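# Structural overview for review
Next come the chains, spelled out residue by residue.
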Amino acid sequence: MLRQLYKKGLLTIALLLSLAAVSVAQNNRVSGRITTAFDQPLAGASVLLKGSRLGGTTGPDGSFQIENVPSGNYTLVVSYIGYIRREVPVSVPGSENILLSLTEESTSLSEVMVTGVFDERKKIGASVSITTLDTKQIDRLSYTNGLDLLKNVPGVYVNSSLGEVRTQISTRGIANRPNFTYELSGLYYVSLQEDGLPLTNLNFSGYSPDYFFRSDATTKRLEAVRGGTAAITGANAPGGIFNYLSKTGGATFGGEVRAKYGLEGNGQNPFYRVDVNVGGPIGGNGWSYNVGGFYRTANGPFYMGYPMNYGGQIKANVEKKYKNGSVTVFGKYLDDHNASPVALIGQDFGNPQLAAGLKNTDSFALPATAGLSNYQLPDGTAKSFSPKDLARARETSVGINWRHSFSDRISFSNNVRYSDKDFDSNNTAATNPITLTDLVSNVTAGLLGLGVITYRDLLTKQTLATVQAAVSQTGPPSWKVLSNNLPGQDILKNGLLFQNATRAHPHITELLDQFVLTARADKMSFNLGAFIGSSNVGRYAIGTSGLAYTTLEQHPRMLDISFVNALAGGATQQITSPEGFVLTGGAFGAVDYAFNKQTFAPFFAHTWNLTDKLTFDWGLRYERTTSKGTNYVRTANDGKDGGLDKNPLTTYDRGYYKNPVAYDYQFKTNTLSYSGALNYLISNNQSVYGRYSEGKKAPEFNLFQTIDAPGKADLLDPAVQSITQIEVGYKYQSSKLNLAVTPFYSKLSNILQAFTALDNTGTLYNLQPFFNSTETQGIELEATGNVSKNFSIRGVATFQTSKLLQYKSATAGPTSFRADDSFVDYSGNKADNTPQVILNITPTYAVGKFYAFLSYQYTGDRYANAPNAFILPGFSQVDLGAGYTVGKRLSLNLNINNATNSVGVVGWGAPGGFPSVFNKSDFTTSIREANPNAPFAINVTQPRAYFLTATYRF
């Protein structure tokens, strides 16, 4: 009995000791902190025990922790983009609080890419033009908006003069040309993505994907692809893919807080912003989280009398890593208000510049008092317009990204997101100088008759100008200025400003999904996937809330206009509303829109390692798009009933439209895009590739918004555009130099130029359609070199020439007979708005905890329009930056953007008032020569700005 108890006791003790040993083994950990050579923490660095699945990433303070490590000897592998990988031996137990530093490398060609490639691969082995910016590079810059970072990418032209939204992007000469057809978004040919999915699958007038994108402390990385595989891996975006990747949680808790104070508008206008990012594990077992966002308020670079930007966003994700994959659940809430600066006034077509007396910090925006409160529409509903409400973008989105490996050879990924977007825009458009005697503006305002027109300051009622109106039995009406005390007469004699207050409020819901099944063999891999999109635009109207005639000066004043009209019995007609607007509620047509877009795009890709050095890859993408909607076109009110208030002496309420007529439509487009390339690895540090791509661009909602008359849907041709691209790339890397040289050719074809007209029988018909095309040839250069231990230079450059292979546009003749129709032909001219040279050169000096850099940017000459009437001259900008790390957690950064306060002209409108300001392609050399001193609307680069950022990491 005692012997049995003894044996049981020994077994029990042995079992307890074994359990204790197992417990100790399970509690073994490898932990530490990863920094730069200058003791700055490296957040997001990969740490892995070689030969095992144990590992993770570092937190914001550079710390890491690997739990439940069995006892033994291991090799700890530490890697981070842009730094030389390290492998160090570790023994477990006994490997806690390890301190390791990584040395920065001059090359990033060893980075693993996920954007624009058929499977994850290093840049040097990828047969695609791709540029990356990591967290460190992004944090050092003080950019206008997230898309401003693309100035560091060769082949990309960025116009961010309109502020934090509405950025204009073109790649390799594939540019928006509203003169061809209809107004397009600034991101028409490219895909703006967040974590691998497009921000939106829509493009239409007054709406742009970047309204719903903000870069902040949660941004980990940017991957930018130009052309090439974008035709296969992106949704209807053959021009390129710009993918902004978000941070995810690490193995240890950590975070950062950034406080940023700035002075924009050449040091005049305050800027305040706070960014926060926090992440870490959730109870172990592979769970982690990351949450962050920002809030900002700023008067803006062009102070309008009210804040130009205010609002922010919150982003969060929870990730579960398991043996064979990971699941990430992510979400975002955005609520931000932004304004775009209205045009200023330029002069001198030979050397376009700001008109004398104007500064690059001036603003012609409508004053805060210019709002229209609850103006009534014909259906009885009420709307309002207020310029200080800006354009408000709100989005709530949730999604799941699932990656799973069934084996070493077969894997699957699915990325899905649902978003609810609300866009409420109060915008000022078509701002341009006009005269008191201008025919179109006077007719538009209803200043026709015989009598005296009086212009007063709306607030003080001071008379600023009087004009005699007259009629003629044999000629057009005329106007003669009797008195003029208006400001700004040195800019334009008898001048004032025309302003169009526009209002739009679309509500958009979208479900976007992309899945890929990957199979790998010894020498090749296969990818089969599909993109599926469902986008719905709720019924909304976009149009004019009212027209304003304001003084021509910094912070213009609203004008009160009245007309003592002899043809109306000598009564005084009130032309403007109490708020100072003409034609409140619907000038220039009123259309409501409802739209639905369904996309199904399966794709296939094959990569084949023909030899150890030669790789062939190819792919194709079929895209089927169904676009259907209804345009509700309203009938114009002739004003004979006295308008909404039935008072014939108040003419401002005669702009309303009534009796909507619905025009339904449905179009289906089918496209096939393909791309193929060979990549040859010359050695471990250099490669060369060649690629041919044929991408397609299906029409967007913009085109279908033109359906506004019976039979017009039947006449519409939803032409699919073709983008042909050929590129040859050479890549080289060494310990001192990273170099990429990419000659390219691009051709944009099938750009439909089609208009309709009424003939002498009253029949609607198509004018002769033309399918225009452009061509661009050029070379991209990207290089990073370490001149010495402390001094490095990064530079990107694009040299290109672009021309209109065909540019023809039909116009109806002076009579209604079809035989009088004609067309203009600018084929062979240089393509407009395509700089011949784009440079960005940034030398950086770093020693210890200090760094400083200078960024020199140059944008070359661009032809202003298709007729090549004049040239927008090239301009330079210099940005300065410096930073210092105080201790281990606090860093300070100082940035001065546009340090020399240079003024570059980046956009323009044709002279002659409304609607000439929009018809830039009608402004020819002969018109310019006939009136060489005409003032015209221009947009300029943002003025000098100062920013100080304090970042605390924990």
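### Re the overall build of the chain
Counting secondary structure elements, the chain contains eight helices and 57 strands. For the chain, whose C-alpha radius of gyration is 31 Å, the value lies close to the compact-globule estimate of 30 Å for 954 residues. Counting only C-alpha atoms, the chain reaches 130 × 65 × 55 Å along its principal axes. The buried share of the chain, reckoned over its 954 residues, is 56%. Put simply, the chain shows about 37500 Å² of open surface, and 57% of that area lies on carbon and sulfur atoms. The averaged location of the 71 negative side-chain charges in the chain is 8 Å from the averaged location of its 82 positive side-chain charges.

### A look at the pairing of strand β35 (residues 571–574)
Judged from the four bridges that link them, strand β34 (residues 559–565) and β35 form a sheet pairing that is antiparallel. Its bridge partner being in β35, Phe 563 is matched across the sheet by Gln 573.

### Topic: the packing of aromatic side chains
Tallied over the full model, the rule gives 37 aromatic pairs. Aromatic side chains Phe 349 and Phe 923 sit 5.2 Å apart centroid to centroid with 40 degrees between the ring planes, which places their arrangement in the tilted category. Residue Phe 349 is located in the loop between β22 (344–347) and β23 (353–354), and its partner Phe 923 is located in the loop between β55 (905–908) and α8 (925–930); the two are separated by 574 residues in the primary sequence. In terms of burial, Phe 349 and Phe 923 fall into one category: buried. An angle of 25 degrees between the planes, with centres 6.4 Å apart, marks the rings of Tyr 952 and Phe 954 as stacked. For Tyr 952, a relative accessible area of 40% gives the class partly exposed. Ring pairing ties together the aromatic residues Phe 204, Tyr 207, Tyr 211, Phe 212, Phe 423, Tyr 540, Tyr 593, Phe 595, Tyr 665, Phe 667, Phe 701 and Phe 704, which thus form one cluster. For Lys 421, the ring lying beneath its charged end belongs to Phe 212, and the centroid distance is 5.7 Å. The ring of Tyr 188 carries Lys 697 above its face, with NZ or CZ at 4.5 Å from the centroid.

### Describing the nonpolar core
In this structure, Leu 150, Ile 169 and Tyr 244 are the most contacted members of the largest nonpolar core, which totals 46 residues. With residues near it in sequence (within four places) discarded, Tyr 244 still touches Gly 146, Leu 147, Leu 149, Leu 150, Leu 192, Gln 193, Glu 194, Asp 195, Phe 213, Thr 219, Arg 221 and Leu 222.

### Observations regarding the sheet that holds strand β5 (residues 72–79)
Across the sheet, which stays open at both edges, the four strands sit in the order β3-β2-β5-β6 with antiparallel pairing between neighbours. Edge positions in the sheet fall to β3 (55–57) and β6 (86–92), since each of these pairs with one other strand and no more. Pairwise comparison of adjacent strand axes, ignoring direction, gives a mean angle of 20 degrees for this sheet. Both strand β2 (residues 46–49) and β5 contribute to a ladder of four bridges, which runs antiparallel. The residue bridging Leu 49 from the neighbouring strand is Leu 76, located in β5.

### Re the sheet that holds strand β1 (residues 30–36)
Spatially, three strands are ordered β4-β1-β7 in an open sheet, and the strand pairing comes out mixed. Here the strands that pair on one side only, and so sit at the sheet edges, are β4 (63–66) and β7 (98–102). The sheet shows a mean angle of 30 degrees between the axes of neighbouring strands, direction not considered.

### Describing the confidence of the model for the chain
Taken as a whole, the chain shows an average pLDDT of 88; of its residues, 92% reach a score of 70 or greater. When pLDDT is averaged over each element of the chain, strand β28 (residues 451–457) comes out on top at 97 and helix α1 (residues 2–27) at the bottom at 43. Across residues 5–26, where pLDDT falls below 50, the model places five contacts with residues more than four positions away in sequence or in other chains.

### Description of unusual backbone geometry
Across the junction of Val 92 and Pro 93, the peptide omega takes the value 0 degrees, indicating a cis bond. On the secondary structure map, Pro 93 appears in the loop between β6 and β7. Here Asn 266, not a glycine, exhibits a phi torsion of approximately 60 degrees, which is positive. With respect to the helices and strands, the residue Asn 266 is situated in helix α4 (residues 264–267). Assessed through its relative accessible area of 28%, Asn 266 is described here as partly exposed. Residues other than glycine seldom take positive phi values, yet Asn 494 does so here, at roughly 60 degrees.

### So, the environment of Ser 71
Mapping Ser 71 onto the fold places it in the loop between β4 and β5. Judged by relative accessible area, Ser 71 falls into the partly exposed class, the value being 47%. Sequence spacing of Ser 71 and Leu 390 is 319 residues, and the spatial spacing of their C-alpha atoms is 62 Å. Leave out the neighbours within four places in its chain, and Ser 71 touches Asn 28, Val 92 and Pro 93. Reaching out from Ser 71, the side chain makes a polar contact with the side chain of Asn 28 at a distance of 3.0 Å.

### Concerning the pattern of salt bridges
This model, assessed by the stated rule, comprises 38 salt bridges. Where Arg 221 meets Glu 223, a salt bridge forms, and the shortest distance between an N and an O atom there is 2.8 Å. The buried category is assigned to Arg 221, whose relative accessible area is 5%. Take Glu 223: its relative accessible area is 1%, and that puts it in the buried class. Residues Glu 623 and Arg 621 are paired through a salt bridge, measuring 3.2 Å at the closest nitrogen-oxygen approach. For the pair shown, Glu 623 and Arg 621 are each scored as buried. Residues joined in a network through salt bridges with shared partners are Glu 194, Lys 315, Lys 332, Glu 395, Lys 421 and Glu 510.

About the criteria used
Residues numbered from 1 in each chain as written. Predicted model: local features only at pLDDT ≥ 70, side-chain atom pairs only at ≥ 80, totals over all residues. Heavy atoms only, no water. Helix = DSSP H or I, 4+ residues; strand = E, 2+ residues; numbered from the N terminus. Rg over C-alpha atoms; globule rule 2.2 N^0.38 Å. Buried < 20%, exposed > 50% of the residue type's maximum accessible area, 1.4 Å probe, protein only. Areas by Shrake-Rupley, 256 points an atom, 1.4 Å probe, with all protein chains shown as cover. Lys, Arg positive; Asp, Glu negative; His and termini not counted. Charge placed at Lys NZ, Arg CZ, Asp CG, Glu CD. Pairing = 2+ DSSP bridges. Phe/Tyr/Trp six-rings, centres within 6.5 Å; stacked < 30°, edge-to-face > 60°. Lys NZ or Arg CZ within 6 Å of the ring centre and 35° of its normal. Core = buried A, V, L, I, M, F, W, Y, C linked by side-chain atoms within 4.5 Å. Contact = heavy atoms within 4.5 Å. Axes fitted to C-alpha atoms, helices over the stretch in contact; angles between N-to-C directions. pLDDT = per-residue confidence, 0-100. Polar contact = N/O pair within 3.5 Å; in protein donor to acceptor, adjacent residues only side chain to side chain. Salt bridge = Lys/Arg side-chain N within 4 Å of Asp/Glu carboxyl O.

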